[in-house]
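Remarks on the overall topology
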Amino acid sequence: MNAKQAAGYRAAELVKDGMTVGLGTGSTAYYAIERIGEMVEKGLRIRAIATSNASEELAVKYQIPLVKAAEVGHLDIAIDGADEVDPQMALIKGGGGALLREKLVAINSSRFVVIADSSKMVPHLGKFKLPIEVVPFCYEWTLRQLEARYPVPFEQRMREGGKYVTDNGNYIVDAAFGKIDNPAKLNEELKAITGIVDHGLFVNIASTVIVGYEDGRTEVK
Ligand code: 5RP
């Protein structure tokens, strides 16, 4: 068992009969979904909302019953990966481009469980480039605003064949802050810029962090 699998499987144990569950995105969340799928096959009764088209496909593959947000008041638990986790449990997320749905699901869950291999635990956030989701309309202006405010490199995320487009039809700009001294302040500042839909800083959202190690051990914080 690898570190991501250990963390994902450990988090799946928190899912109980009758819960409504947010399913994260990425290679660590994959393992949680896989294990939840096995539990459903053995009779666990849950409903779930996926944070990306990829995770939705996975949920369908594992026959995890999916519901629409409109059918659900609040989620009992959401389980998702992270790109960086600091000692205060502030996160950078969105490496897989799903940050908006991930944040929506996380903030509407009673418990947001982050699953991460130990390499994701950092003393401070910012080495991983911060993903910022921007609307395509006049995105050049939004980028210019960002560049004027912060003296750090920004690059528009690309993929083969052109610009990277999120499941919501937006673009991603990755910001190389290097070290983010005050994640809460940056969170507020970025949210206030017109053109930015959301960004990958998750401050005061995580309830629990499950760290997985290569020897299969897990640690719950
Ligand atoms: C996707 C995310 C992922 O949770 C994050 O990138 C971690 O991915 P992985 O588990 O593959 O390392 O935020 O938008």
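Every value quoted in this text rests on a predicted model; they were computed, and no experiment measured them.

In this section: the overall build of the protein. If you tally the helices and strands in the protein, you get 6 helices and 15 strands. The C-alpha atoms of the protein give 17 Å as radius of gyration, which agrees with the globular expectation for 221 residues (17 Å, within 12%). With respect to the three principal axes, the spread of C-alpha positions in the protein is 55 × 35 × 35 Å. Counting over 221 residues, the protein shows a buried share of 46%. Taking as baseline every contact in the protein between residues at least 6 positions apart, the subset at least 24 positions apart corresponds to 76%.

This part covers the packing of helix 2 (residues 27-41) against helix 3 (residues 53-61). At a minimum axis separation of 10 Å, helix 2 and helix 3 run at an interaxial angle of 25 degrees. By the angle between their directions, the pair helix 2 and helix 3 is classed as roughly parallel. For the pair helix 2 and helix 3, the crossing hand works out as right-handed. Across the interface between the two elements, A29, Y30 and I33 of helix 2 pack against S55, L58 and A59 of helix 3.

Time to look at the nonpolar core. Residues L23, A32, I79, V113, V114 and I115 are the most contacted members of the largest nonpolar core, which totals 55 residues. Here this core takes 6 residues from helix 1 (residues 3-12), the largest share from any one element. With sequence-adjacent residues up to four places away left out, V114 is seen in contact with D80, A82, V85, L91, A206, T208 and V209.

Attention now moves to the packing of helix 1 against helix 2. Viewed as axis vectors pointing N to C, helix 1 and helix 2 meet at an angle of 45 degrees, and their least axial separation amounts to 7 Å. With respect to their mutual orientation, helix 1 and helix 2 come out oblique. The two elements helix 1 and helix 2 cross, and the hand of that crossing is right-handed. Touching K4, Q5, A7, G8, Y9, A11 and A12 of helix 1 are S27, T28, A29, Y30, Y31, A32, R35, I36 and M39, all from helix 2. Among the residues forming the contact of helix 1 with helix 2, the class breakdown is 10 nonpolar, 4 polar and 2 charged.

This part takes up the site of the ligand. G26, T28, G81, G95 and G96 are the nearest of the 18 residues found near the ligand. Elements with a contribution of two residues or more to the shell around the ligand: helix 2 and helix 4 (99-107). In terms of residues, the shell around the ligand owes the most to one element, helix 2, which gives 3 residues.

Per the UniProt record, "active site" (unreviewed entry) is annotated on E102. Every residue in contact with E102, bar those within four places of it in the chain, is listed here: G24, T25, T51, D80 and K93.

All right, on to the sheet that holds strand 4 (residues 84-85) then. Strand order across the open sheet formed by 3 strands is 4-5-13, with antiparallel pairing between neighbours. Two strands lie at the open edges of the sheet, namely strand 4 and strand 13 (201-202), each paired on one side alone. As paired strands, strand 5 (residues 91-92) and strand 13 are joined by 2 bridges and run antiparallel to one another. Counterpart to I92 in the pairing with strand 13 is L201.

With respect to the helices and strands, the residue A12 is situated in helix 1. Classification of A12 as buried rests on a count of 22 C-beta atoms within 10 Å. In this structure the C-alpha to C-alpha distance between A12 and K163, which are 151 residues apart in sequence, comes to 35 Å. Setting aside its immediate chain neighbours within four residues, A12 contacts A32, R35, I36 and M39.

Rules used throughout
- Residues numbered from 1 in each chain as written.
- Predicted model: local features only at pLDDT ≥ 70, side-chain atom pairs only at ≥ 80, totals over all residues.
- Helix = DSSP H or I, 4+ residues; strand = E, 2+ residues; numbered from the N terminus.
- Rg over C-alpha atoms; globule rule 2.2 N^0.38 Å.
- Buried ≥ 20, exposed ≤ 12 C-beta atoms within 10 Å, placed from the backbone.
- Contact = placed C-beta atoms within 7 Å.
- Axes fitted to C-alpha atoms, helices over the stretch in contact; angles between N-to-C directions.
- Parallel < 35°, antiparallel > 145°, perpendicular 65-115°, else oblique.
- Left-handed = near helix turned anticlockwise from the far one by under 90°.
- Core = buried A, V, L, I, M, F, W, Y, C linked by C-beta atoms within 7 Å.
- Nonpolar A, V, L, I, M, F, W, Y, C, P; charged D, E, K, R; others polar.
- Near = placed C-beta within 6 Å.
- UniProt positions renumbered as here; feature names shortened; annotations may be inferred.
- Pairing = 2+ DSSP bridges.

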